[in-house]
Amino acid sequence: MLQDGPFAVEDDPPLIHPFSRKAKEWVRLLQANQLLKTKYRSVRNQIFDLLGINSYDEVLILIHDKSRRAAATERAHLLLGNLFGLGDSRREVVRHLHEYARTADDVISSLRGKVLAPYSAHIETTNEIVTAWDPVELLLALFDERYHKKARFEAKRKLALMGLAGSIDQRERETKIGEKFLGFLEFLNAFVWSPDYRIGELDIRYLFSTHHPDDFSCRTVQVLSEEEASRITPAAGEKLTLVKRRRFRDNGTDIPVYVTVRKKEPAAKVLKLLRKNEKNPAAAVDDELGLMAVLNSVNDVKRFVRHLTRSAARAESFMTLEDISDTLTGGEYSSGSTGSSGKTSMLKFFARTGGMRIEFIIHTNRSYLNYIYQRDVAHDEYEVKRIFDTGVVAFLFPPDIYHLDLDAIRTRQLAWFRRQIEENTPRPIS
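1. A closer look at the nonpolar core
L51, L116, F388, L396 and F397 are the most contacted members of the largest nonpolar core, which has 64 residues in total. Residues within four places of L116 in sequence aside, it is in contact with L111, I123, F388, V393, F397, I409 and Q413. Within the second largest apolar cluster, 29 residues are counted, among which are V192, W193, V259 and L291.

2. Section: the packing of helix α15 (residues 379-389) against helix α18 (residues 406-422)
Where α15 contacts α18, the two axes come as close as 9 Å, and the packing angle between them is 170 degrees. The angle between the axes of α15 and α18 places the two elements in the roughly antiparallel class. Note on element contacts: α18 touches α15 through L406, I409, R410, Q413, L414, F417, R418 and I421, opposite D380, E381, V384, K385, F388 and D389. A breakdown of the residues in the contact of α15 with α18 according to their chemical character gives seven nonpolar, one polar and six charged.

3. Notes on empty space enclosed by the protein
With a probe scaled to a water molecule rolled over the atoms, the places where space remains empty come into view. Within this structure, the stated rule accounts for one cavity of 30 Å³ or more. Here the largest cavity is characterised by a volume of approximately 50 Å³. Lining the largest cavity are A104, D105, I108, T125, I129, E154, R157, K158 and L161. At the level of secondary structure, the elements contributing two or more residues to the lining of the largest cavity comprise α5 (90-113) and α8 (149-175). Per-element tally for the lining of the largest cavity: the top contributor is α8, with four residues.

4. Points about the pairing of strand β5 (residues 289-295)
Counting buried residues along β5, seven of its seven residues qualify, which places the element largely inside the surrounding structure. Across the two faces of β5 the burial is the same, with L289, L291, A293 and L295 and G290, M292 and V294 all buried. Note that β5 and strand β8 (residues 356-364) share seven bridges and pair parallel. When the sheet's bridge partners are listed, M292 is paired in β8 with I361.

5. Section: the environment of A104
Structurally, A104 is set in helix α5. Residue classification places A104 among the buried residues on the basis of a relative accessible area of 3%. A sequence separation of 146 residues divides A104 from D250, and the C-alpha atoms of the two residues are 45 Å apart. Ignoring any residue separated from it by four or fewer positions in sequence, one finds A104 in contact with K158, L161 and M162.

6. Quick notes on the confidence of the model for the chain
Of the residues in the chain, 95% have a pLDDT of 70 or more, and the chain-wide mean is 90. Note that residues 426-430 has pLDDT below 50 and, in this model, eight contacts with residues that lie over four places away or in other chains.

7. Some words on α18
With 17 residues, α18 should reach 24 Å at 1.5 Å per residue; the first-to-last C-alpha distance of 24 Å fits that figure. Within α18, burial applies to L406, I409, Q413, L414, F417, R418 and I421. Summarising the axial view, the buried residues of α18 lie within an arc of 170 degrees, below the 170-degree limit, and thus occupy one face. Buried positions along α18 lie against β3 (238-250), α14 (365-373), α15, α16 (392-396) and α17 (399-402).

8. Regarding the pattern of salt bridges
Working definition: two side chains of opposite charge can pair if their charged atoms are close together. Counted under the stated rule, the structure contains 29 salt bridges. Between K150 and E154 there is a salt bridge whose closest N-O contact spans 2.7 Å. In this pair, K150 and E154 both sit in helix α8, four residues apart, roughly one turn of the helix. The network of salt bridges with shared partners includes E322, D323, R352 and R357.

9. Quick notes on the packing of aromatic side chains
Tallied over the entire structure, the rule returns 13 aromatic pairs. Put simply, the rings of F48, Y56 and F143 touch in pairs and so form one group of aromatic residues.

Cut-offs and rules
Residues numbered from 1 in each chain as written. Predicted model: local features only at pLDDT ≥ 70, side-chain atom pairs only at ≥ 80, totals over all residues. Heavy atoms only, no water. Core = buried A, V, L, I, M, F, W, Y, C linked by side-chain atoms within 4.5 Å. Buried < 20%, exposed > 50% of the residue type's maximum accessible area, 1.4 Å probe, protein only. Contact = heavy atoms within 4.5 Å. Axes fitted to C-alpha atoms, helices over the stretch in contact; angles between N-to-C directions. Helix = DSSP H or I, 4+ residues; strand = E, 2+ residues; numbered from the N terminus. Parallel < 35°, antiparallel > 145°, perpendicular 65-115°, else oblique. Nonpolar A, V, L, I, M, F, W, Y, C, P; charged D, E, K, R; others polar. 1 Å grid on protein atoms, 1.4 Å probe; cavity = no way out; pocket = protein on both sides within 12 Å on 5 of 7 lines; lining within 4 Å. Points joined across faces, edges and corners; volume = space filled by probe spheres on them. Pairing = 2+ DSSP bridges. pLDDT = per-residue confidence, 0-100. Expected span 1.5 Å × (residues − 1). Arc of directions from axis to C-beta. Salt bridge = Lys/Arg side-chain N within 4 Å of Asp/Glu carboxyl O. Phe/Tyr/Trp six-rings, centres within 6.5 Å; stacked < 30°, edge-to-face > 60°.

Listed below in structure tokens is the structure:
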């Protein structure tokens, strides 16, 4: 994938000028590095095996011969179906390939929609590549001189992202993550939340906070009702933040808690694999199921954690807490994630129960507001840092193809998100 490596997409496809000076220099580079030679042979053999050919000359035949290409496509679908454990049904294989292509497109769309939103037009994918879903069609585009350099790179990129999507889908089917997510929701509704509330019933509250001018950290916070919040227009350095709260019952007392539960989407998993420079979802994606909770105080946080373990016992499952990190009452947050800040305050752990491993991130009202607003801590800023600093943006949108100054864009995007966070735009409260 790297444009500064031996497999870079050039102005012309690799088969157009096989005896040119540039091609000879490429061969000399390859001969001088045993690892590159091994990688090249591996990639070449995968291309030949997928297309059912023995030489590059046959690639050009497939590009121009529809019947040969159709036969190669049918054979490739069988091979890919067995690779990802999809079975022998051609219809099922095609359905999954469409899903993998959609996930690949979603990866690019997610970046165009937020982190790189002002540059959406610059990084828009070529129409012909967006509509393509078949791996053989995408692979042949790499060798087709009718396609521009950008389109050929995007075909290769889509193939790579589809491969990661396939690995993720295979692991989800093997681990039955969808069933576990439903089981997790059933556990919460049956054993954790207050029995006086219906499923999905929420109390609307607002956090009215004031923030320090130096770093925009939270100084004070009040919990307001809808009616109280409707009478407030935040001034500079103030925020009004909506929280829809559930309740859990501890020793006869109902305690409010704002909760978001999530199952990480395939596109987000693909991005995480790219950030971690991993191809194995089992090694890189350990937070497929997650819950974030926000409570009024540290004492309420302690009561919530104890309530969780007791609830698991009532559900006839022991709950163990693993990889615990607690910075709610001080200390530096230590994370191996690129772009994360040591000033982040939270209680974080993995809970293992009922055959599931769930990531819990628990905040007080104050630490939650810092998580979304404080300078160098805010999650929006963290998203920008990690996607740039891990090299994912350069990987997906190399400057020689998209003609973007990525360092300047990183600086501008951090400043843009900071303005969005700190400026108050008047809006109706509903």
